[in-house]
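# Coordinates in review
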Amino acid sequence: MKCQYCGKEYIKNSADLSYMPEFMQEKLKYIPACNCLEKLHEQEMEALRKKQDEESRMNRVKKFMDISVVDAKFFKSTFENADMSSKHMRTAERYAKSFLTKNQNVGMLLYGGVGTGKTYATACIANYLREHGKSVFVMNLGLYFNKLKIEWEKEEKAVLENVKKCDLLIIDDFGAEMTSNTENVTWRDEKIFNLIDTAYRSEKPLIISTNLKYHEDLSKCEIEKNLGSRIRDRVVDMCYPIAVIGKSRRGINKETFWESIA
Ligand SMILES: Nc1ncnc2c1ncn2[C@@H]1O[C@H](COP(=O)(O)OP(=O)(O)O)[C@@H](O)[C@H]1O
Ligand SMILES: [Mg+2]
Ligand SMILES: [Zn+2]
């Protein structure tokens, strides 16, 4: 008998097998002189572990897709389909690609007018990273607040736990919910701070998109004015400010309209 992997002859087993049933003794009379079987077993275990890791990673990706709140039209936003002519889109793509190779924990603050493509840019990043196995948690603050009002304690705890577990946190439309509800500013600011602070403490990168103007000069910074210095300081600590410039892409453009009825 010899090993089917390396061809080495089996050797006679010198161990005392007399306490074993006969058929076992027969089986163990000759044993391999190599460790091919052990190696094979190890490789199989390793492959199994890898498969399980991959599965749990994909489950995580899926889970964070499910708990994220995104307008369905952004499910298909990708860098390949996008108009990449603006600077912020190229920055977003570079960010997403480097995220995979460098253990990124630096974030971005995308600020600019309505309809300039901030949400679109964050969606491209999220979709790209998910495709590469990263769990991206996209938060909508307005919806978060509504949930907190109903069952705040449980909901906040669950969300903060998820922030600790994701690979990247995106808060889209930061500040949009501020105008509609200003009656409970202290409560709101505390919730926002808790959220950002949790990401900060667990070293999770944070991407924020906002219509609020960012400015280094505090007297001109709307984030400072609307949310106070504690939140602004955390945000600039975690996010590199990127201006998203350009006119709004929202609405039907002139050419499209006149062409459509021509
Ligand atoms: N780079 C881009 N390529 C193609 N479409 C874009 C791009 N950026 C934005 N859009 C489209 O323009 C519209 C407005 O963009 P959006 O991201 O919602 O703006 P914002 O979040 O800044 O208000 C969306 O319908 C989006 O699909
Ligand atoms: Mg938006
Ligand atoms: Zn062998």
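Let me sum up the structure you'll find in this document.

About the criteria used
Residues numbered from 1 in each chain as written. Chains lettered and ligands numbered in written order. Predicted model: local features only at pLDDT ≥ 70, side-chain atom pairs only at ≥ 80, totals over all residues. Heavy atoms only, no water. Near = heavy atom within 4 Å. Polar contact = N/O pair within 3.5 Å; in protein donor to acceptor, adjacent residues only side chain to side chain. Areas by Shrake-Rupley, 256 points an atom, 1.4 Å probe, with all protein chains shown as cover. Donors = N, O, S within 2.8 Å, 3.2 Å for Na, K, Ca; no water. Helix = DSSP H or I, 4+ residues; strand = E, 2+ residues; numbered from the N terminus. Buried < 20%, exposed > 50% of the residue type's maximum accessible area, 1.4 Å probe, protein only. Axes fitted to C-alpha atoms, helices over the stretch in contact; angles between N-to-C directions. Parallel < 35°, antiparallel > 145°, perpendicular 65-115°, else oblique. Left-handed = near helix turned anticlockwise from the far one by under 90°. Contact = heavy atoms within 4.5 Å. Nonpolar A, V, L, I, M, F, W, Y, C, P; charged D, E, K, R; others polar. Patch = residues over 30% accessible without salt bridge, like charges linked within 9 Å, V, L, I, M, F, W, Y side chains within 5 Å. Salt bridge = Lys/Arg side-chain N within 4 Å of Asp/Glu carboxyl O. Lys, Arg positive; Asp, Glu negative; His and termini not counted. Charge placed at Lys NZ, Arg CZ, Asp CG, Glu CD. Pairing = 2+ DSSP bridges.

## Some details on the site of ligand 1
- Taken together, 15 residues lie near ligand 1, and Gly115, Lys118, Thr119, Tyr120 and Arg250 sit nearest.
- Interatomic distance of 2.7 Å between a backbone N/O atom of glycine 115 and an oxygen atom of ligand 1.
- Threonine 119 places a polar side-chain atom, nitrogen or oxygen, 2.8 Å from an oxygen atom of ligand 1.
- Here ligand 1, which alone exposes 560 Å², has 84% of that area covered by the protein.

## Points about the coordination of the zinc ion (ligand 3)
- Cys3 (SG), Cys6 (SG), Cys34 (SG) and Cys36 (SG) make up the full set of protein donors to the zinc ion (ligand 3), lying at 2.3 to 2.4 Å.
- In primary-sequence terms, the residues that donate to the zinc ion (ligand 3) follow C-x2-C-x27-C-x1-C. Of the two residues, cysteine 6 is situated in the segment before β1 (11–12) and cysteine 34 in the loop between β2 (30–31) and α2 (36–67); the sequence distance between them amounts to 28 residues.
- A relative accessible area of 19% means that cysteine 34 is categorised as buried.

## Digging into the packing of helix α3 (residues 87–101) against helix α4 (residues 118–131)
- Packing of α3 against α4 brings their axes to within 10 Å, and their N-to-C directions diverge by 25°. The pairing of α3 with α4 is recorded here as roughly parallel in orientation. The chirality of how α3 crosses α4 is right-handed. For the pair α3 and α4, the contacting residues are His88, Met89, Ala92, Tyr95, Ala96, Lys97, Phe99 and Leu100 in the first and Tyr120, Ala121, Cys124, Ile125, Tyr128 and Leu129 in the second.
- Looking at the contact of α3 with α4 residue by residue, the classes come out as 12 nonpolar, 1 polar and 1 charged.

## A word on the packing of helix α5 (residues 141–165) against helix α6 (residues 185–201)
- Taken N-terminus to C-terminus, the directions of α5 and α6 make an angle of 20°; their axes are 10 Å apart at the nearest point. One element, α5, and the other, α6, form an angle in the roughly parallel class. Read as a crossing pair, α5 and α6 show a hand that is left-handed. Between α5 and α6, the residues in contact are Leu141, Tyr144, Phe145, Leu148, Lys149, Trp152, Glu156, Val159, Leu160, Val163 and Lys164 and Trp187, Arg188, Lys191, Ile192, Asn194, Leu195, Thr198 and Ala199, respectively.
- The residue makeup of the contact of α5 with α6, split by class, is 12 nonpolar, 2 polar and 5 charged.

## Describing a positive patch on the surface
- A cluster of basic residues, Lys87, Arg90, Arg94 and Lys102, forms a positive patch on the protein surface.
- Position of arginine 90 relative to the elements: it lies in helix α3.
- Taking relative accessible area as the criterion, arginine 90 reaches 43% and is therefore assigned partly exposed.

## Considerations on the sheet that holds strand β4 (residues 136–140)
- The parallel open sheet is built from 5 strands, whose spatial order is β4-β5-β6-β3-β7. The sheet is open, and its two borders are formed by β4 and β7 (239–243), each paired with just one other strand. Along the sheet, successive strands turn relative to each other by an average axial angle of 15°, direction set aside.
- Judged from the 5 bridges that link them, strand β3 (residues 107–111) and β7 form a sheet pairing that is parallel.

## Looking at the pattern of salt bridges
- Summed over all chains, the structure comprises 18 salt bridges.
- Taking the shortest distance from any N to any O, the salt bridge between arginine 60 and aspartate 167 comes out at 3.6 Å. Of the two residues, arginine 60 sits in helix α2 while aspartate 167 sits in the loop between α5 and β5 (168–174), which places them 107 residues apart along the sequence.
- For arginine 60, a relative accessible area of 31% puts it in the partly exposed group.
- Linking lysine 213 and glutamate 222 is a salt bridge whose minimum nitrogen-to-oxygen distance equals 3.7 Å.
- With a relative accessible area of 52%, lysine 213 lands in the exposed category.
- Taken together, the salt bridges that share partners define one network made up of Glu156, Glu190 and Lys191.

Everything listed is a geometric property; what it means functionally is a separate question.
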